[in-house]
Amino acid sequence: MEDFNSSVNMSTRNPKTVTNLQILQYSMKWHHMAHEARSLLDVYSGLLSNQSVILAMNSSFVDPLLQLQSQLKKMESSFRMLVAMPSLDKVKEMGSSNEDIEDLENLYQNILNMFENSLLNLVSTDFYKLQILKEMLVWMSEDSSYLQDRIMMMINRVLRFAAWKARGRTSVDAPCLGVLAAELSLLCSHDDSSIAQQASLGMCHLFDIAKCQHAEIGKSNPTDSKSHSLLFSSDVEFLAKKFRQDKRELAQTVGQTLLPSLLTDFVWSLLMKLSSPDNKIASEAASILIVTLTFHSEKVTMVSKIVDAIYKKLCENCFHNMKCDMLQVITLLTRTSPKKVIFQLMDYPVPADDTLIQMWQAAGSEATPAPHVLKTILLILKGKPGEMEDSLTGKKRFSLDATNMMPLAASQALCTFLPLGSYKKAVAQLFPQLLMALMFQVFYSSELRLMLADRTLYAEDALRVLLNCSGLQQVDITLEKNHFWNNPLSEEPYHHDTALQLYLLAKTLSDYNFPQFPETLHYLYKLSVEGPRRSEDSIIVVIFLTELLNNFFKEPFPEVFLVLFRNWINDSNPVVSKLSLHRIELMSPVVNEIKNVSSILIAILDAFLSKDDTVVHQALLTLRNLLAKLDKVIYSSLCTRLASSYCPLMDHINGRIRSMAIQHFGELLREMRQYTWMLSDVVLGGLVPLILFLEDDEEGVAKACKHTLNICTLQLKWSTSYLLKDENYSFEMVVLNICNNLIISHRNYIRDLISDTLGFLWSSRTYLKRASVILVGYLAKLGGHLLHRDEIEVMLDVIERLLRDEDPVIKELAKITHNIFKKIAHKLTSATLKQNFQKLLKFFYIKKLKPLYNYNSPNGQIDSPTDSEYIKNDKEGLREENDDDILVND
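As the structure is a computational prediction, the values presented were derived from the model and not from experiment.

(A) Inspection of the overall build of the chain at higher detail. Scanning the chain from terminus to terminus reveals 44 helices and 2 strands. Put simply, the chain has 890 residues, and 54% of those count as buried. Taking contacts inside the chain between residues at least 6 apart in sequence as the whole, the part at least 24 apart equals 75%.

Here you go:
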């Protein structure tokens, strides 16, 4: 028998030395009781065969994953054979003598030892294969074998061996420790004390292995026994006993020892056990899980996966035995990972089902994470329902929905979170943010109202809940009386009805002197400075802030808010610009009380350059009303810049803007008549459009030109006013009169005026071409001697094109002008003669002209074409002409 035992030990160390012949020899030894021992011999033979394959794979070059899978299958086969053996007592009954009984018992023990040795061999080559122990525990739970305590002893010894082997290692690759720890933790309270004892001892050794996975342990001195104080220590039994008696101690050690990834596996495994058909196992798993998360939930990763698993399990069975424990898991995870939990809870279909609402309630059951939960919801509410999936975070969410519906879910969730007693303090702290976020969502949801009528009212519901749980019940009642909640809002925030509702909400809050006003005002200011994410948000902010300021402050507003309105004047959103301009216009009675009003006026001038005609129109109105009340000292300091800003608008594509610009230019000159000497250059620079647009098709523009020209000529002391009266009006006579006055008093401007007029010759509007031909002709007649030859050639080229114009009147007018330039060109025989002639004329030559064209502008003339497209062509023609124009001042 000693020979047999030594052979078995040898076979464990070197399975290649055992042959079929040796097995046959061992079998012959029991030939006298072959029938009784046959089952044990079959098990022994099977285990020995499996062990040979397993050990052979260890020294092969098979892919590690395939190797583990194959070895696992062999180990499972051996395990099934092992647990199928009869008990030792039955084995002893097979023997007929003491010697037979002893031989059978030795065979039985050697079978067990062989299986254990196979485990030790596997773990000695690779800690990764500790996973087999986890599988053994699963197999053991499926089979109530009498060998459970012996199997647990094997597992304990293998773990002890692995812990000893891990000692001094710089790293240990054992990713299965979390799952293995979960299985062992459940057995620490097993009804069989021997199993519980072995499981708790195994946990101690497992913790020693896990410590080697920490960087600080891996770098410690391998010979330092303190690094593994539990290993082979007398404290092992004491600690194992504590593990069996106190789940709190066990959970604390698990959380402190396992790495986050392993702790997550531990938690996940226990969570899966909650669905076990064995209520005792499920209850035990829940108990350990709750205690572990109570102390170490911050280390758990894959929180979203855990939350999703709980949701699916509760959806499958809303009466799950462990429902309360699952909801408690949500509560504990929310405590340390509120953002992950909330984002996952918002990623389910809207409207939320009862299961999801219960999970929301669980997430909101504690006050500590409340601010973080609400801030996460506010982050989600920055999204717009219907946006593409990754537009909020820049990353792809796990969702079956192609568009972002999380804001709708977040709005509905607030209806659950806001009334909770645990959230009262957090709601008070975040009232302004919640108020504005929900107002934004009300408008975002409006455009989905028709498509998703049953899923778009949550923002309004949440807004009402916010008011009621913030002590503003009377505000809600008043809004209800005013049908605020019944009127569907337009998706356009500047829609008249929508603006009125915003005003109503702000005014109602103000009427009840809502206590959150200071915080709300501060947040609105912060939001305005930082800038909302969307242009429609800006509109809502401007309307709401304006109404609050109207109700709580006298005009003018404090400087800090005036800066906001000044910046909004040139906002990229034209609606914001108009709102700001309109509000500033209302401050005109107190304009002189505004500090640094000049910066506001300059910002309004910048708005003249807007591409949106409505913004330009509002800017003109605002500026005019402010200037009418402005202190003359400030006015005079800016009058030149103000006047110059009107000139480009005199040729604006929009007739209404042309008319206003011309009219307001005249008003400025009239108001600043004491400063004519400062404005002389600007007046002369604006003469060309003022003259040409006398012939404008739009009656309002023509009248504005007459009004402003009358003011200009009076300030220049020209006798032109009588010609601008309707009963005396003749375009050619006005031009002739102005030109005669120019040659007398401002001849140095003639070249510039010719240059300005030349650009209008490219116009597609008939009245402008006619007027331009006449004006340039008179200017050339008077100031031709001031021009250079190359300048004359350019003008001749332009006029020659008009000789081929479709309009017969333009052709006739162009012929006259063309002859004027030809005569001028003929007289300019040389540059020297020209310069001498020019100097002589400067002192002696003053000659008034007589009518050259005999032009009568037809009443009610309709130019063709005059639409916006052709007016745009005028602008392009003007730019092209200016590029080619070489007329410059000497």
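Following the structure, the description resumes.
(B) How the structure looks around the state of the cysteines. All chains considered together, the criterion is met by 0 disulfides. Between Cys188, a free cysteine, and Cys204, which holds the nearest cysteine sulfur, the sulfur-to-sulfur gap is 8.3 Å. Under the relative-accessibility criterion, Cys188 is labelled buried at 3%.

(C) Here's a closer look at the packing of helix H31 (residues 597-607) against helix H33 (residues 632-646). At a closest axis distance of 11 Å, the pairing of H31 and H33 adopts a crossing angle of 5 degrees. As far as their axial angle goes, H33 and H31 are roughly parallel. The residues of H33 that touch H31, namely those facing Val597, Ser598, Leu601, Ile602 and Leu605, are Ile634, Leu638, Arg641, Leu642 and Ser645. Partitioning the contact of H31 with H33 into residue classes produces 7 nonpolar, 2 polar and 1 charged.

(D) Here's a closer look at helix H21 (residues 406-417). In this model H21 runs 16 Å from its N-terminal to its C-terminal C-alpha over 12 residues, within 8% of the 16 Å that 1.5 Å per residue would give. Among the 12 residues of H21, 11 are classified as buried, and the element is accordingly described as predominantly covered. Regarding H21, the residues found buried are Met406, Pro407, Leu408, Ala409, Ala410, Ser411, Gln412, Ala413, Leu414, Thr416 and Phe417.

(E) Quick look at the environment of Glu559. By secondary structure assignment, the location of Glu559 is in helix H29 (residues 559-568). Considering only alpha carbons, one finds Glu559 and Asn596, 37 residues apart in sequence, at a separation of 8.9 Å.

(F) Molecular detail of the environment of Gln252. Mapped onto the elements, Gln252 comes out in helix H13 (residues 247-257). With 40 residues separating them in the primary sequence, Gln252 and Thr292 have C-alpha atoms 6.7 Å apart. Excluding anything up to four places from it in sequence, Gln252 contacts Phe295 and His296.

(G) The pattern of salt bridges, seen in detail. Scanning the entire structure with this criterion turns up 27 salt bridges. Among the ionic pairs, Glu183 bridges to Lys273, the shortest N-O distance being 3.2 Å. A residue pair is termed long-range when its members are at least 10 positions apart, and Glu183 in helix H9 (residues 177-187) and Lys273 in helix H14 (residues 260-273) qualify at 90 residues. Judged by its relative accessible area of 21%, Lys273 falls in the partly exposed class. Via salt bridges that share partners, Glu76, Arg80 and Glu142 belong to a single interconnected network.

(H) Structural context of the packing of aromatic side chains. Taken as a whole and assessed by the stated rule, the structure comprises 18 aromatic pairs. On the basis of an interplanar angle of 80 degrees and a centroid distance of 6.0 Å, the ring pair of Phe514 and Phe517 is categorised as edge-to-face. Residue Phe517 is classed as buried on the basis of its relative accessible area, which comes to 10%. Ring plane angle 65 degrees and centroid distance 6.4 Å describe the contact between Phe693 and Tyr767, whose orientation is recorded as edge-to-face. Taken together, the positions of Phe693 in the loop between helix H36 (687-692) and helix H37 (699-715) and Tyr767 in helix H40 (residues 766-783) put the pair 74 residues apart, joining distant regions of the chain. What makes Phe693 buried here is its relative accessible area of 0%. Since its relative accessible area comes to 4%, Tyr767 is described here as buried. Through a chain of ring-to-ring contacts, the aromatic side chains of Phe79, Phe115 and Trp139 assemble into a single cluster.

(I) Quick look at the confidence of the model for the chain. Confidence in the prediction for the chain averages 82 pLDDT; 82% of positions are at 70 or higher. Under a pLDDT of 50 for its full length, residues 389-402 has, in the predicted model, 22 contacts with residues more than four places off or in other chains. The model gives residues 859-890 a pLDDT under 50, and that stretch makes 60 contacts with residues more than four places away or in other chains.

(J) Representation of the side chain of Arg770 within the structure. Turning to its location among the elements, Arg770 is positioned in helix H40. The class of Arg770 is buried, set by a relative accessible area of 8%. Polar contacts involving the side chain of Arg770 include one to the side chain of Asp807, which spans 3.0 Å.

(K) Quick look at the side chain of Lys769. Residue placement: Lys769 occurs in helix H40. The exposure class assigned to Lys769 is buried, which follows from its relative accessible area of 12%. Within the structure, Lys769 has its side chain in polar contact with the side chain of Asp805 (distance 2.7 Å). If we skip the residues at most four places from it in the chain, Lys769 touches Phe760, Leu761, Ser763, Leu802, Asp805 and Ile810.

(L) Representation of helix H30 (residues 574-585). For H30, with 12 residues, the first-to-last C-alpha span of 16 Å sits near the 16 Å given by 1.5 Å per residue. Of all 12 residues that make up H30, 10 are buried, and the element is covered over most of its length. The complete set of buried residues in H30 reads Val575, Val576, Ser577, Lys578, Leu579, Ser580, Leu581, Arg583, Ile584 and Glu585. Structurally, the start of H30 carries an N-cap: the backbone nitrogen of Val575 is 2.9 Å from a side-chain oxygen of Asn573.

(M) View of the nonpolar core. Of all hydrophobic cores here, the largest spans 284 residues; its most connected members are Leu130, Met136, Phe266, Leu345, Met346 and Phe544. Considering each element in turn, this core owes the most residues, 11 residues, to H40. Beyond its immediate chain neighbours, meaning those up to four positions away, Phe544 contacts Leu435, Met436, Met439, Leu502, Leu505, Ala506, Leu509, Thr520 and Leu524.

(N) Expanded view of the packing of H40 against helix H42 (residues 808-827). In the contact formed by H40 and H42, the axes pass within 9 Å of each other and the chain directions differ by 20 degrees. The orientation of H40 with respect to H42, classified from their angle, is roughly parallel. In this structure, H40 meets H42 at a crossing whose hand is left-handed. Taking contact as the criterion, the partners of Thr766, Lys769, Arg770, Val773, Ile774, Val776, Gly777, Ala780 and Lys781 in H40 are, on H42, Val809, Ile810, Leu813, Ala814, Thr817, Ile820, Phe821 and Ile824. When its residues are assigned to classes, the contact of H40 with H42 shows 11 nonpolar, 3 polar and 3 charged.

(O) Highlighting unusual backbone geometry. That bond from Val350 to Pro351 is cis: its omega, 0 degrees, falls within 30 degrees of zero. For Asn596, which is not a glycine, the phi torsion comes out positive at approximately 55 degrees. Tracing the backbone shows Asn596 in the loop between H30 and H31. Assessed through its relative accessible area of 47%, Asn596 is described here as partly exposed. Although it is not a glycine, Lys717 sits at a positive phi angle of roughly 60 degrees.

The rules behind each value
- Residues numbered from 1 in each chain as written.
- Predicted model: local features only at pLDDT ≥ 70, side-chain atom pairs only at ≥ 80, totals over all residues.
- Heavy atoms only, no water.
- Helix = DSSP H or I, 4+ residues; strand = E, 2+ residues; numbered from the N terminus.
- Buried < 20%, exposed > 50% of the residue type's maximum accessible area, 1.4 Å probe, protein only.
- Contact = heavy atoms within 4.5 Å.
- Disulfide = S-S within 2.5 Å.
- Axes fitted to C-alpha atoms, helices over the stretch in contact; angles between N-to-C directions.
- Parallel < 35°, antiparallel > 145°, perpendicular 65-115°, else oblique.
- Nonpolar A, V, L, I, M, F, W, Y, C, P; charged D, E, K, R; others polar.
- Expected span 1.5 Å × (residues − 1).
- Salt bridge = Lys/Arg side-chain N within 4 Å of Asp/Glu carboxyl O.
- Phe/Tyr/Trp six-rings, centres within 6.5 Å; stacked < 30°, edge-to-face > 60°.
- pLDDT = per-residue confidence, 0-100.
- Polar contact = N/O pair within 3.5 Å; in protein donor to acceptor, adjacent residues only side chain to side chain.
- Core = buried A, V, L, I, M, F, W, Y, C linked by side-chain atoms within 4.5 Å.
- Left-handed = near helix turned anticlockwise from the far one by under 90°.

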